[in-house]
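# Summary of structural features
Residue strings, one per chain:
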Amino acid sequence: MALATQLLYDIDQIRSDFPILNEKINGKPLVYFDNAATTQKPNSVIQAIKSYYETINANIHRGIHTLAEKATAEYELTREKVGEFINAESSEQIIFTRGVTESVNLVAQTYGRAFLKPGDEVIISAMEHHSNIVPWQMICEERGAVLKVIPINDEGELLMDEYEKLLSAKTKIVSLVHVSNALGTVNPVKEMVEKAHEFGAVVMIDGAQAASHSHIDVRDLDADFYALSGHKFYGPTGIGVLYGKRELLEKMPPYMGGGEMIKEVSFAKTTYNDLPYKFEAGTPNIADTIALRKGIEYMEGIGFEAIAAHEHELLVYATEMLTSFPDLKIIGTAKEKVSVCSFVIEGIHPQDIGIILDSEGIAIRTGHHCTQPLMDRFKIPGTARASFALYNTIAEIDKLGKGIEKVLRMAK
Ligand SMILES: Cc1ncc(COP(=O)(O)O)c(C=O)c1O
(Lines give C-alpha, C1' and ligand atoms only; values in the text may rest on other atoms or scores of the structure.)
Protein backbone atom coordinates (compact mmCIF):
# COMPACT_ATOMS: atom_id res chain seq x y z
CA MET A 1 0.00 0.00 0.00
CA ALA A 2 2.79 2.42 0.91
CA LEU A 3 4.49 1.59 -2.38
CA ALA A 4 1.42 2.50 -4.42
CA THR A 5 1.24 5.83 -2.57
CA GLN A 6 4.80 6.64 -3.56
CA LEU A 7 4.02 5.93 -7.19
CA LEU A 8 1.26 8.55 -7.32
CA TYR A 9 3.41 11.53 -6.44
CA ASP A 10 6.56 12.37 -4.55
CA ILE A 11 5.11 12.83 -1.08
CA ASP A 12 8.38 14.13 0.43
CA GLN A 13 8.52 16.82 -2.24
CA ILE A 14 4.88 17.73 -1.56
CA ARG A 15 5.44 17.87 2.19
CA SER A 16 8.40 20.20 1.74
CA ASP A 17 6.02 22.71 0.12
CA PHE A 18 4.14 23.06 3.45
CA PRO A 19 6.44 24.76 6.01
CA ILE A 20 4.12 24.08 8.96
CA LEU A 21 4.64 20.32 8.54
CA ASN A 22 8.15 20.80 9.98
CA GLU A 23 6.73 22.08 13.27
CA LYS A 24 7.13 20.12 16.50
CA ILE A 25 4.10 19.92 18.78
CA ASN A 26 4.75 18.90 22.37
CA GLY A 27 8.22 17.85 21.24
CA LYS A 28 6.87 15.52 18.52
CA PRO A 29 6.68 16.09 14.76
CA LEU A 30 3.29 17.52 13.86
CA VAL A 31 0.81 15.01 12.45
CA TYR A 32 -1.93 17.20 11.04
CA PHE A 33 -5.24 15.36 10.73
CA ASP A 34 -7.60 18.32 11.12
CA ASN A 35 -7.84 19.02 7.41
CA ALA A 36 -11.64 19.11 7.31
CA ALA A 37 -11.48 22.14 9.63
CA THR A 38 -8.85 23.85 7.51
CA THR A 39 -6.03 22.61 5.30
CA GLN A 40 -2.44 23.77 5.64
CA LYS A 41 -1.06 26.21 3.07
CA PRO A 42 1.73 25.62 0.57
CA ASN A 43 4.62 28.07 0.19
CA SER A 44 3.13 29.48 -3.01
CA VAL A 45 0.01 30.65 -1.13
CA ILE A 46 1.99 32.09 1.77
CA GLN A 47 4.39 33.86 -0.61
CA ALA A 48 1.52 35.31 -2.67
CA ILE A 49 0.14 37.09 0.40
CA LYS A 50 3.57 38.45 1.33
CA SER A 51 4.37 39.48 -2.21
CA TYR A 52 1.05 41.31 -2.61
CA TYR A 53 1.74 43.52 0.43
CA GLU A 54 5.40 43.99 -0.52
CA THR A 55 4.91 44.88 -4.16
CA ILE A 56 1.36 45.77 -5.32
CA ASN A 57 -0.75 46.69 -2.30
CA ALA A 58 -3.44 49.13 -3.48
CA ASN A 59 -7.21 49.33 -3.42
CA ILE A 60 -8.75 47.75 -6.48
CA HIS A 61 -11.18 48.80 -9.24
CA ARG A 62 -11.21 52.52 -8.49
CA GLY A 63 -7.61 53.57 -9.03
CA ILE A 64 -5.96 54.62 -12.28
CA HIS A 65 -2.41 54.41 -10.92
CA THR A 66 -0.18 51.47 -11.78
CA LEU A 67 -0.36 49.68 -8.43
CA ALA A 68 -4.16 49.83 -8.38
CA GLU A 69 -4.26 48.43 -11.89
CA LYS A 70 -1.86 45.60 -11.01
CA ALA A 71 -3.79 44.69 -7.86
CA THR A 72 -7.08 44.77 -9.78
CA ALA A 73 -5.69 42.56 -12.54
CA GLU A 74 -4.39 40.00 -10.02
CA TYR A 75 -7.69 40.00 -8.12
CA GLU A 76 -9.72 39.50 -11.29
CA LEU A 77 -7.37 36.72 -12.46
CA THR A 78 -8.44 34.73 -9.42
CA ARG A 79 -12.08 35.20 -10.38
CA GLU A 80 -11.28 33.73 -13.80
CA LYS A 81 -9.32 30.88 -12.24
CA VAL A 82 -12.16 30.00 -9.86
CA GLY A 83 -14.59 30.11 -12.79
CA GLU A 84 -12.44 27.60 -14.69
CA PHE A 85 -11.87 25.51 -11.56
CA ILE A 86 -15.60 24.86 -11.11
CA ASN A 87 -16.47 25.13 -14.82
CA ALA A 88 -18.75 28.17 -14.45
CA GLU A 89 -20.24 29.63 -17.63
CA SER A 90 -18.65 33.01 -16.90
CA SER A 91 -16.40 34.56 -14.25
CA GLU A 92 -19.15 37.17 -13.72
CA GLN A 93 -21.01 34.43 -11.87
CA ILE A 94 -18.20 34.10 -9.32
CA ILE A 95 -18.87 36.25 -6.26
CA PHE A 96 -16.23 36.53 -3.59
CA THR A 97 -17.43 36.10 -0.01
CA ARG A 98 -15.70 35.21 3.25
CA GLY A 99 -16.60 31.55 2.89
CA VAL A 100 -19.46 29.09 2.72
CA THR A 101 -21.13 30.63 5.77
CA GLU A 102 -21.39 34.02 4.09
CA SER A 103 -22.37 32.46 0.75
CA VAL A 104 -25.32 30.59 2.28
CA ASN A 105 -26.41 33.66 4.24
CA LEU A 106 -26.18 35.74 1.08
CA VAL A 107 -28.53 33.42 -0.81
CA ALA A 108 -30.93 33.04 2.13
CA GLN A 109 -31.08 36.79 2.77
CA THR A 110 -31.46 37.83 -0.88
CA TYR A 111 -33.06 35.04 -2.92
CA GLY A 112 -34.82 33.62 0.15
CA ARG A 113 -36.16 36.94 1.38
CA ALA A 114 -37.28 38.02 -2.09
CA PHE A 115 -38.93 34.80 -3.23
CA LEU A 116 -40.07 32.72 -0.23
CA LYS A 117 -43.73 33.10 0.68
CA PRO A 118 -45.67 31.80 3.70
CA GLY A 119 -46.22 28.04 3.35
CA ASP A 120 -43.31 27.54 0.92
CA GLU A 121 -40.84 24.81 1.82
CA VAL A 122 -37.06 24.68 2.04
CA ILE A 123 -35.40 21.24 2.15
CA ILE A 124 -32.05 20.55 3.79
CA SER A 125 -30.58 17.27 5.07
CA ALA A 126 -29.87 15.70 8.45
CA MET A 127 -26.11 15.96 7.89
CA GLU A 128 -25.86 19.71 7.27
CA HIS A 129 -23.26 21.93 8.91
CA HIS A 130 -24.84 24.62 11.10
CA SER A 131 -23.98 27.14 8.40
CA ASN A 132 -26.43 25.39 6.08
CA ILE A 133 -29.13 25.08 8.75
CA VAL A 134 -29.33 28.31 10.72
CA PRO A 135 -29.51 30.77 7.77
CA TRP A 136 -32.49 28.78 6.43
CA GLN A 137 -34.15 28.62 9.85
CA MET A 138 -33.77 32.40 10.12
CA ILE A 139 -35.27 33.17 6.72
CA CYS A 140 -38.02 30.54 7.04
CA GLU A 141 -39.07 32.10 10.32
CA GLU A 142 -39.08 35.56 8.79
CA ARG A 143 -41.01 34.55 5.65
CA GLY A 144 -43.37 31.99 7.23
CA ALA A 145 -41.80 29.17 5.21
CA VAL A 146 -41.30 25.61 6.46
CA LEU A 147 -37.95 23.81 6.81
CA LYS A 148 -37.97 20.08 5.93
CA VAL A 149 -35.13 17.66 6.63
CA ILE A 150 -34.05 14.60 4.60
CA PRO A 151 -33.27 11.75 7.02
CA ILE A 152 -30.22 9.46 6.80
CA ASN A 153 -29.51 5.78 7.46
CA ASP A 154 -27.10 4.37 10.06
CA GLU A 155 -24.23 4.43 7.56
CA GLY A 156 -24.70 8.16 7.15
CA GLU A 157 -26.26 8.13 3.68
CA LEU A 158 -29.25 10.22 2.65
CA LEU A 159 -32.52 8.32 2.25
CA MET A 160 -33.31 9.15 -1.34
CA ASP A 161 -36.87 7.79 -1.28
CA GLU A 162 -37.61 10.06 1.72
CA TYR A 163 -36.14 12.98 -0.23
CA GLU A 164 -38.49 12.27 -3.11
CA LYS A 165 -41.43 12.17 -0.71
CA LEU A 166 -40.50 15.60 0.66
CA LEU A 167 -40.33 17.23 -2.77
CA SER A 168 -43.52 18.94 -3.93
CA ALA A 169 -44.81 22.05 -5.67
CA LYS A 170 -44.30 23.81 -2.31
CA THR A 171 -40.53 23.16 -2.43
CA LYS A 172 -38.81 26.40 -3.42
CA ILE A 173 -35.22 25.83 -2.26
CA VAL A 174 -33.16 22.68 -1.62
CA SER A 175 -29.80 23.28 0.10
CA LEU A 176 -27.46 20.31 0.44
CA VAL A 177 -23.99 19.53 1.59
CA HIS A 178 -21.95 17.96 -1.23
CA VAL A 179 -19.55 16.16 1.15
CA SER A 180 -20.27 15.83 4.88
CA ASN A 181 -17.59 17.29 7.16
CA ALA A 182 -18.57 15.02 10.05
CA LEU A 183 -19.11 11.72 8.18
CA GLY A 184 -17.20 12.07 4.95
CA THR A 185 -20.28 11.00 2.95
CA VAL A 186 -20.35 12.15 -0.67
CA ASN A 187 -23.98 12.89 -1.52
CA PRO A 188 -25.48 12.17 -4.96
CA VAL A 189 -26.04 15.87 -5.54
CA LYS A 190 -26.35 15.67 -9.33
CA GLU A 191 -29.28 13.29 -9.09
CA MET A 192 -30.78 15.37 -6.26
CA VAL A 193 -30.55 18.59 -8.28
CA GLU A 194 -32.34 16.89 -11.17
CA LYS A 195 -35.18 15.75 -8.91
CA ALA A 196 -35.55 19.20 -7.31
CA HIS A 197 -35.66 20.84 -10.73
CA GLU A 198 -38.61 18.61 -11.70
CA PHE A 199 -40.53 20.56 -9.04
CA GLY A 200 -39.14 23.96 -10.05
CA ALA A 201 -37.03 24.35 -6.90
CA VAL A 202 -33.59 25.96 -6.95
CA VAL A 203 -30.69 24.04 -5.43
CA MET A 204 -27.81 25.40 -3.41
CA ILE A 205 -24.81 23.15 -2.76
CA ASP A 206 -22.43 23.57 0.14
CA GLY A 207 -19.12 22.51 -1.38
CA ALA A 208 -16.95 23.32 1.66
CA GLN A 209 -15.58 19.78 1.89
CA ALA A 210 -15.75 18.85 -1.77
CA ALA A 211 -13.18 21.14 -3.37
CA SER A 212 -10.09 19.65 -1.72
CA HIS A 213 -10.91 16.09 -2.80
CA SER A 214 -12.25 16.26 -6.32
CA HIS A 215 -12.87 18.27 -9.43
CA ILE A 216 -16.11 20.27 -9.25
CA ASP A 217 -18.24 20.93 -12.30
CA VAL A 218 -21.18 23.21 -11.50
CA ARG A 219 -22.54 22.89 -15.03
CA ASP A 220 -22.50 19.12 -14.97
CA LEU A 221 -24.23 19.20 -11.56
CA ASP A 222 -26.64 21.84 -12.91
CA ALA A 223 -26.32 23.55 -9.50
CA ASP A 224 -28.17 26.84 -9.14
CA PHE A 225 -25.80 28.00 -6.39
CA TYR A 226 -22.51 26.48 -5.24
CA ALA A 227 -20.48 27.68 -2.21
CA LEU A 228 -16.78 27.26 -1.40
CA SER A 229 -14.40 28.21 1.42
CA GLY A 230 -10.86 28.90 0.20
CA HIS A 231 -9.19 27.77 3.42
CA LYS A 232 -10.54 24.25 3.00
CA PHE A 233 -8.66 23.70 -0.27
CA TYR A 234 -5.18 25.03 0.50
CA GLY A 235 -6.07 28.72 0.19
CA PRO A 236 -6.17 31.39 2.90
CA THR A 237 -8.90 31.97 5.47
CA GLY A 238 -11.38 34.79 4.93
CA ILE A 239 -11.98 34.19 1.23
CA GLY A 240 -14.79 32.13 -0.22
CA VAL A 241 -16.94 31.86 -3.28
CA LEU A 242 -20.57 31.91 -4.28
CA TYR A 243 -21.34 30.67 -7.78
CA GLY A 244 -24.83 31.27 -9.09
CA LYS A 245 -26.71 30.88 -12.35
CA ARG A 246 -26.79 34.23 -14.09
CA GLU A 247 -30.59 34.54 -14.34
CA LEU A 248 -30.92 33.94 -10.58
CA LEU A 249 -28.11 36.31 -9.58
CA GLU A 250 -29.58 38.98 -11.82
CA LYS A 251 -33.04 38.83 -10.31
CA MET A 252 -31.75 38.72 -6.72
CA PRO A 253 -31.57 41.98 -4.76
CA PRO A 254 -28.12 42.98 -3.44
CA TYR A 255 -26.92 41.65 -0.09
CA MET A 256 -24.92 44.45 1.54
CA GLY A 257 -25.05 48.09 0.49
CA GLY A 258 -22.01 50.33 0.14
CA GLY A 259 -19.21 51.21 -2.21
CA GLU A 260 -18.47 49.14 -5.33
CA MET A 261 -21.91 47.50 -5.53
CA ILE A 262 -23.51 50.61 -7.06
CA LYS A 263 -23.72 52.18 -10.50
CA GLU A 264 -25.00 55.58 -9.38
CA VAL A 265 -26.01 56.95 -6.01
CA SER A 266 -28.20 59.94 -5.27
CA PHE A 267 -30.31 60.62 -2.22
CA ALA A 268 -33.37 60.03 -4.35
CA LYS A 269 -32.33 56.69 -5.90
CA THR A 270 -29.44 54.27 -6.19
CA THR A 271 -28.85 51.91 -9.09
CA TYR A 272 -26.86 48.74 -8.61
CA ASN A 273 -23.73 47.52 -10.32
CA ASP A 274 -23.56 44.61 -12.77
CA LEU A 275 -22.55 41.10 -11.78
CA PRO A 276 -20.52 40.17 -9.87
CA TYR A 277 -19.91 43.56 -8.22
CA LYS A 278 -23.56 43.97 -7.20
CA PHE A 279 -22.78 41.47 -4.43
CA GLU A 280 -19.33 42.73 -3.44
CA ALA A 281 -19.85 45.84 -1.31
CA GLY A 282 -16.78 47.55 0.15
CA THR A 283 -13.07 46.87 -0.12
CA PRO A 284 -12.68 43.11 -0.48
CA ASN A 285 -10.06 40.74 0.89
CA ILE A 286 -7.61 41.45 -1.94
CA ALA A 287 -4.46 39.67 -0.72
CA ASP A 288 -6.22 36.44 0.20
CA THR A 289 -8.22 36.40 -3.02
CA ILE A 290 -5.00 36.61 -5.03
CA ALA A 291 -3.44 33.85 -2.93
CA LEU A 292 -6.51 31.63 -3.42
CA ARG A 293 -5.49 31.28 -7.06
CA LYS A 294 -2.14 29.85 -5.97
CA GLY A 295 -3.94 27.24 -3.86
CA ILE A 296 -5.99 26.11 -6.85
CA GLU A 297 -2.90 26.07 -9.07
CA TYR A 298 -1.13 23.97 -6.46
CA MET A 299 -3.84 21.30 -6.59
CA GLU A 300 -3.91 21.43 -10.38
CA GLY A 301 -0.14 20.93 -10.43
CA ILE A 302 -0.54 17.61 -8.63
CA GLY A 303 -3.73 16.61 -10.45
CA PHE A 304 -7.14 15.85 -8.98
CA GLU A 305 -7.03 12.16 -9.87
CA ALA A 306 -3.71 11.68 -8.11
CA ILE A 307 -4.96 13.56 -5.03
CA ALA A 308 -8.17 11.52 -4.91
CA ALA A 309 -6.26 8.23 -5.34
CA HIS A 310 -3.74 9.13 -2.62
CA GLU A 311 -6.45 10.18 -0.18
CA HIS A 312 -8.47 7.05 -0.94
CA GLU A 313 -5.48 4.92 0.02
CA LEU A 314 -5.16 6.82 3.28
CA LEU A 315 -8.87 6.34 3.95
CA VAL A 316 -8.77 2.59 3.29
CA TYR A 317 -5.63 2.13 5.41
CA ALA A 318 -6.97 4.25 8.30
CA THR A 319 -10.36 2.52 8.24
CA GLU A 320 -8.68 -0.87 8.49
CA MET A 321 -6.45 0.32 11.31
CA LEU A 322 -9.28 1.94 13.27
CA THR A 323 -11.64 -1.02 12.95
CA SER A 324 -8.97 -3.30 14.43
CA PHE A 325 -9.75 -1.74 17.85
CA PRO A 326 -12.76 -3.66 19.24
CA ASP A 327 -14.15 -0.75 21.31
CA LEU A 328 -13.83 1.80 18.52
CA LYS A 329 -16.75 2.56 16.22
CA ILE A 330 -16.52 4.58 13.02
CA ILE A 331 -19.41 7.00 12.56
CA GLY A 332 -20.02 7.42 8.84
CA THR A 333 -19.51 4.33 6.73
CA ALA A 334 -21.13 5.44 3.48
CA LYS A 335 -20.17 3.62 0.30
CA GLU A 336 -19.17 6.94 -1.25
CA LYS A 337 -16.95 8.82 1.15
CA VAL A 338 -13.85 11.01 1.27
CA SER A 339 -10.87 10.77 3.60
CA VAL A 340 -12.66 11.64 6.83
CA CYS A 341 -12.72 9.16 9.75
CA SER A 342 -15.05 10.11 12.58
CA PHE A 343 -15.02 7.69 15.48
CA VAL A 344 -16.07 7.08 19.05
CA ILE A 345 -14.44 4.80 21.63
CA GLU A 346 -16.69 3.19 24.18
CA GLY A 347 -16.27 4.72 27.65
CA ILE A 348 -13.88 7.50 26.53
CA HIS A 349 -14.97 11.07 25.87
CA PRO A 350 -13.87 12.36 22.43
CA GLN A 351 -12.18 15.33 24.13
CA ASP A 352 -9.93 12.99 26.11
CA ILE A 353 -8.99 11.23 22.88
CA GLY A 354 -8.07 14.60 21.37
CA ILE A 355 -6.00 15.72 24.36
CA ILE A 356 -3.99 12.49 24.55
CA LEU A 357 -3.35 12.47 20.80
CA ASP A 358 -2.24 16.11 20.99
CA SER A 359 0.39 15.10 23.55
CA GLU A 360 1.79 12.91 20.73
CA GLY A 361 1.75 15.82 18.27
CA ILE A 362 -1.35 14.50 16.48
CA ALA A 363 -3.97 17.14 15.67
CA ILE A 364 -7.50 15.81 15.26
CA ARG A 365 -10.85 17.50 15.88
CA THR A 366 -13.26 16.47 18.60
CA GLY A 367 -16.82 17.54 19.33
CA HIS A 368 -19.99 18.00 17.31
CA HIS A 369 -18.23 19.47 14.24
CA CYS A 370 -20.98 22.14 13.90
CA THR A 371 -23.44 19.33 13.13
CA GLN A 372 -25.35 19.02 16.40
CA PRO A 373 -28.54 17.59 14.82
CA LEU A 374 -26.39 14.90 13.16
CA MET A 375 -24.82 13.99 16.50
CA ASP A 376 -28.34 13.78 17.98
CA ARG A 377 -29.29 11.41 15.15
CA PHE A 378 -26.46 9.07 16.19
CA LYS A 379 -27.24 9.67 19.90
CA ILE A 380 -23.68 10.76 20.66
CA PRO A 381 -22.31 14.04 22.06
CA GLY A 382 -19.59 14.17 19.44
CA THR A 383 -16.84 12.23 17.75
CA ALA A 384 -13.09 12.25 17.33
CA ARG A 385 -12.36 13.07 13.69
CA ALA A 386 -9.19 12.43 11.72
CA SER A 387 -9.36 13.94 8.24
CA PHE A 388 -6.61 13.40 5.68
CA ALA A 389 -5.19 15.65 2.98
CA LEU A 390 -2.87 15.32 0.02
CA TYR A 391 0.27 15.67 2.18
CA ASN A 392 -0.59 13.01 4.78
CA THR A 393 1.15 9.65 4.84
CA ILE A 394 0.60 6.03 5.81
CA ALA A 395 3.38 6.45 8.42
CA GLU A 396 1.34 9.23 10.05
CA ILE A 397 -1.71 6.94 10.20
CA ASP A 398 0.48 4.37 11.94
CA LYS A 399 1.30 7.06 14.51
CA LEU A 400 -2.43 7.63 14.97
CA GLY A 401 -2.77 3.91 15.67
CA LYS A 402 -0.04 4.08 18.31
CA GLY A 403 -1.71 7.20 19.74
CA ILE A 404 -5.01 5.37 20.07
CA GLU A 405 -3.23 2.54 21.91
CA LYS A 406 -1.98 5.19 24.36
CA VAL A 407 -5.53 6.58 24.68
CA LEU A 408 -6.81 3.11 25.55
CA ARG A 409 -4.03 2.59 28.11
CA MET A 410 -4.53 5.98 29.77
CA ALA A 411 -8.26 6.67 29.60
CA LYS A 412 -9.86 3.26 30.06
C1 LIG B 1 -19.63 21.11 5.28
C2 LIG B 1 -19.29 22.49 5.75
N3 LIG B 1 -20.10 23.51 5.43
C4 LIG B 1 -19.84 24.76 5.81
C5 LIG B 1 -18.73 25.07 6.56
C6 LIG B 1 -18.49 26.49 6.95
O7 LIG B 1 -17.38 26.97 6.31
P8 LIG B 1 -16.74 28.39 6.71
O9 LIG B 1 -16.56 28.36 8.20
O10 LIG B 1 -15.47 28.44 5.97
O11 LIG B 1 -17.72 29.43 6.28
C12 LIG B 1 -17.87 24.05 6.93
C13 LIG B 1 -16.70 24.33 7.80
O14 LIG B 1 -16.28 23.49 8.58
C15 LIG B 1 -18.14 22.74 6.50
O16 LIG B 1 -17.33 21.72 6.82
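Given the structure is predicted, the values throughout are model-derived calculations rather than measurements.

### What about unusual backbone geometry?
With omega at 0°, the peptide bond leading from leucine 275 into proline 276 counts as cis. Among the secondary structure elements, proline 276 is positioned in the loop between strand E12 (270-272) and helix H11 (286-302). In the Ramachandran plot, histidine 369 falls in the positive-phi region, its phi being about 55° despite a non-glycine side chain. Structurally, histidine 369 is set in the loop between strand E16 (365-367) and helix H14 (372-377). Its relative accessible area of 8% is what places histidine 369 among the buried residues. Its identity as a non-glycine residue notwithstanding, cysteine 370 has a phi of 60°, on the positive side.

### Comments concerning the packing of helix H3 (residues 43-56) against H11
Two numbers describe how H3 lies on H11: the axes approach to 8 Å, and their chain directions differ by 145°. As H3 runs across H11, the sense of the crossing is right-handed. Contact residues: H3 offers Ser44, Val45, Ala48, Ile49, Tyr52, Tyr53 and Ile56, while H11 offers Ile286, Ala287, Asp288, Ile290, Ala291, Lys294, Gly295 and Tyr298. When grouped by side-chain class, the residues that make up the contact of H3 with H11 number eleven nonpolar, two polar and two charged.

### Let's talk about the domain arrangement of the protein
Looking at the assigned domains, one finds that the protein contains domain 1 (11-32 + 303-411) and domain 2 (47-300). Taken together, both faces of the contact between domain 1 and domain 2 bury some 2600 Å²; the carbon and sulfur share is 59%. Between the two partners, domain 1 and domain 2, sit two salt bridges. One salt bridge in this structure joins lysine 335 and glutamate 157, with 3.6 Å as the shortest N-O distance. Applying the counting rule to domain 1 against domain 2 returns 19 residue pairs in polar contact (both at pLDDT 80 or more).

### Some details on the sheet that holds strand E5 (residues 121-125)
With respect to topology, seven strands assemble into an open sheet ordered E4-E10-E9-E8-E7-E5-E6, the strand pairing being mixed. Each having just a single partner strand, strand E4 (94-97) and strand E6 (146-150) make up the two edges of the open sheet. In this sheet, adjacent strand axes meet at a mean angle of 20° when their direction is disregarded. Relative to strand E7 (residues 171-177), E5 runs parallel, the two being bridged by three bridges. By the bridge assignment for E7, glutamate 121 is matched with threonine 171. Each of E4, E7, strand E8 (202-206), strand E9 (225-229) and strand E10 (240-244) is contacted by helix H5 (residues 100-115), which is oriented at about 150° to E9, the strand it contacts most.

### Things to note about the packing of aromatic side chains
Counting across every chain of the model gives eleven aromatic pairs. Plain terms: the ring middles of tyrosine 52 and tyrosine 53 are 4.9 Å apart, the flat faces sit at 70° to each other, and that makes the pair edge-to-face. Between tyrosine 75 and phenylalanine 96, the aromatic rings sit 5.3 Å apart at their centres with planes inclined by 65°, giving edge-to-face as the arrangement. With tyrosine 75 in helix H4 (residues 66-85) and phenylalanine 96 in strand E4, the pair connects residues that are 21 residues apart, well separated along the chain. The exposure class assigned to tyrosine 75 is buried, which follows from its relative accessible area of 0%. The exposure class of phenylalanine 96 is buried, given its relative accessible area of 7%. The rings of Phe18, Tyr234, Tyr298 and Tyr391 are connected pair by pair, giving a single aromatic cluster. Over the ring of phenylalanine 115 we find lysine 251; its NZ or CZ atom is 4.9 Å from the centre of that ring. The ring of phenylalanine 378 carries arginine 377 above its face, with NZ or CZ at 5.2 Å from the centroid.

Reading guide: rules and limits
- Residues numbered from 1 in each chain as written.
- Predicted model: local features only at pLDDT ≥ 70, side-chain atom pairs only at ≥ 80, totals over all residues.
- Heavy atoms only, no water.
- Helix = DSSP H or I, 4+ residues; strand = E, 2+ residues; numbered from the N terminus.
- Buried < 20%, exposed > 50% of the residue type's maximum accessible area, 1.4 Å probe, protein only.
- Axes fitted to C-alpha atoms, helices over the stretch in contact; angles between N-to-C directions.
- Left-handed = near helix turned anticlockwise from the far one by under 90°.
- Contact = heavy atoms within 4.5 Å.
- Nonpolar A, V, L, I, M, F, W, Y, C, P; charged D, E, K, R; others polar.
- Domains from an automatic or database assignment.
- Buried area = accessible area lost by both parts, 1.4 Å probe.
- Salt bridge = Lys/Arg side-chain N within 4 Å of Asp/Glu carboxyl O.
- Polar contact = N/O pair within 3.5 Å; in protein donor to acceptor, adjacent residues only side chain to side chain.
- Pairing = 2+ DSSP bridges.
- Phe/Tyr/Trp six-rings, centres within 6.5 Å; stacked < 30°, edge-to-face > 60°.
- Lys NZ or Arg CZ within 6 Å of the ring centre and 35° of its normal.

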